[in-house]
Amino acid sequence: MRIWVNGGLRDADTAVVSVFDHGLTVGDGVFETVKATDGRPFALTRHIDRLARSARGLGLPDPDHDEVRRACEAVLEANPMPLGRLRITYTGGHSPLGSDRGDQGPTLVVAAAEARRRPDTTAVITVPWTRNERGALAGLKTTSYGENVVALARAHDQGASEALFANTVGQLCEGTGSNVFVVLDGQLYTPPLASGCLAGITRALTVDWTGALEADLPMDALDRAEEIFLTSTTRDVQAVHRVDGRELSGAPGPLTAKAMRIFEEHAAADPDPRSA
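This one's a predicted model, so the numbers in the text were calculated from it and none came from an experiment. (Residues numbered from 1 in each chain as written. Predicted model: local features only at pLDDT ≥ 70, side-chain atom pairs only at ≥ 80, totals over all residues. Heavy atoms only, no water.)

A. Just the packing of aromatic side chains, in detail. This structure, assessed with the given rule, holds four aromatic pairs. Summarising the aromatic geometry, the rings of Phe 31 and Tyr 145 are spaced 5.2 Å apart at their centres and angled 80° between planes, so their arrangement reads as edge-to-face. Placement of the pair is Phe 31 in strand 3 (residues 29-37) and Tyr 145 in the loop between strand 7 (121-131) and helix 4 (146-157), with a sequence separation of 114 residues. The class of Phe 31 is buried, set by a relative accessible area of 5%. Site record: aromatic cluster; members linked through ring pairs are Phe 42, Trp 209 and Phe 263. In this arrangement the basic side chain of Lys 35 is found over the ring face of Phe 42, its NZ or CZ atom lying 5.6 Å from the centre. The positively charged end of Arg 131 is found above the aromatic ring belonging to Phe 165, 4.0 Å away from the centroid. (Phe/Tyr/Trp six-rings, centres within 6.5 Å; stacked < 30°, edge-to-face > 60°. Helix = DSSP H or I, 4+ residues; strand = E, 2+ residues; numbered from the N terminus. Buried < 20%, exposed > 50% of the residue type's maximum accessible area, 1.4 Å probe, protein only. Lys NZ or Arg CZ within 6 Å of the ring centre and 35° of its normal.)

This is the structure:
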């Protein structure tokens, strides 16, 4: 495995960063996960743009877009695989212990790993913890993932692949690494960004390509929904067949199956769909 670290490719056993890197010591970093098929990344421009937005939200300098793109291309070329996931990590770099950031500049790491196509349906649970839609990190894709680790472990313990959060006012927000869509009275909805959810790349494309509506949704929408599905880079569009103890028979339902087909067709036709 060849990994890009701060300007060049390294073998896995020499691809290292300092133990004083701020991403390690205090989670001061942002990241992106990019799907790659036969060495071709999907929606890379959107992912790099979001990496920069997240960096600005943390007060990090903008990453060099061209360098990030070169790093991704180099890693994919050095690690050929039919289906993979690129992980772009950009941190505050070498810093003193504590929250103060150092002055040696950021760290950029790009790595790849093989991936498998997700099942068409999955189970999810809800968790008692909330997303803070007014927090400093709301909507940013940062490396501060501790609460996601805890929630996802609970999901796995209950035979599910994802955990869904409410926000502080009790509205449906997002999963640990996914956005959520529901069908109510035949209409497709997803929580708005103001709910505190991540501005998912797959979420945005699904909204654009299916005409889904953004709306504030109470958590009990999951109890009433005719269909539920998740979106993310590694899931694309994935139907939910069980939420907590409730079974959704026939998943994927008709609107979910349509969304799955539309996303697959559009993604195949344009591997780097640009923002409107």
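B. Local environment of the pattern of salt bridges. What the rule picks out here adds up to 13 salt bridges. For Asp 120, the salt bridge goes to Arg 117, with nearest N and O atoms at 3.2 Å. In this structure, Glu 214 engages Arg 203 in a salt bridge whose closest nitrogen and oxygen atoms are separated by 2.4 Å. With Glu 214 in strand 12 (residues 213-214) and Arg 203 in helix 5 (residues 201-210), the pair connects residues that are 11 residues apart, well separated along the chain. You can call Glu 214 partly exposed: its relative accessible area is 46%. A relative accessible area of 4% means that Arg 203 is categorised as buried. Connected via shared salt-bridge partners are Arg 117, Arg 118 and Asp 120. (Salt bridge = Lys/Arg side-chain N within 4 Å of Asp/Glu carboxyl O.)

C. Region of the structure containing helix 7 (residues 254-269). In this model helix 7 runs 23 Å from its N-terminal to its C-terminal C-alpha over 16 residues, within 8% of the 22 Å that 1.5 Å per residue would give. Where helix 7 is buried, its residues touch helix 5, strand 13 (227-232) and strand 14 (236-243). (Expected span 1.5 Å × (residues − 1). Contact = heavy atoms within 4.5 Å.)

D. Structural context of a nonpolar patch on the surface. Together, Val 19, Phe 20, Leu 24 and Leu 97 make up an exposed nonpolar region whose accessible area comes to about 440 Å². In this fold, Leu 97 is placed in the loop between strand 5 (83-91) and strand 6 (107-114). (Patch = residues over 30% accessible without salt bridge, like charges linked within 9 Å, V, L, I, M, F, W, Y side chains within 5 Å. Areas by Shrake-Rupley, 256 points an atom, 1.4 Å probe, with all protein chains shown as cover.)

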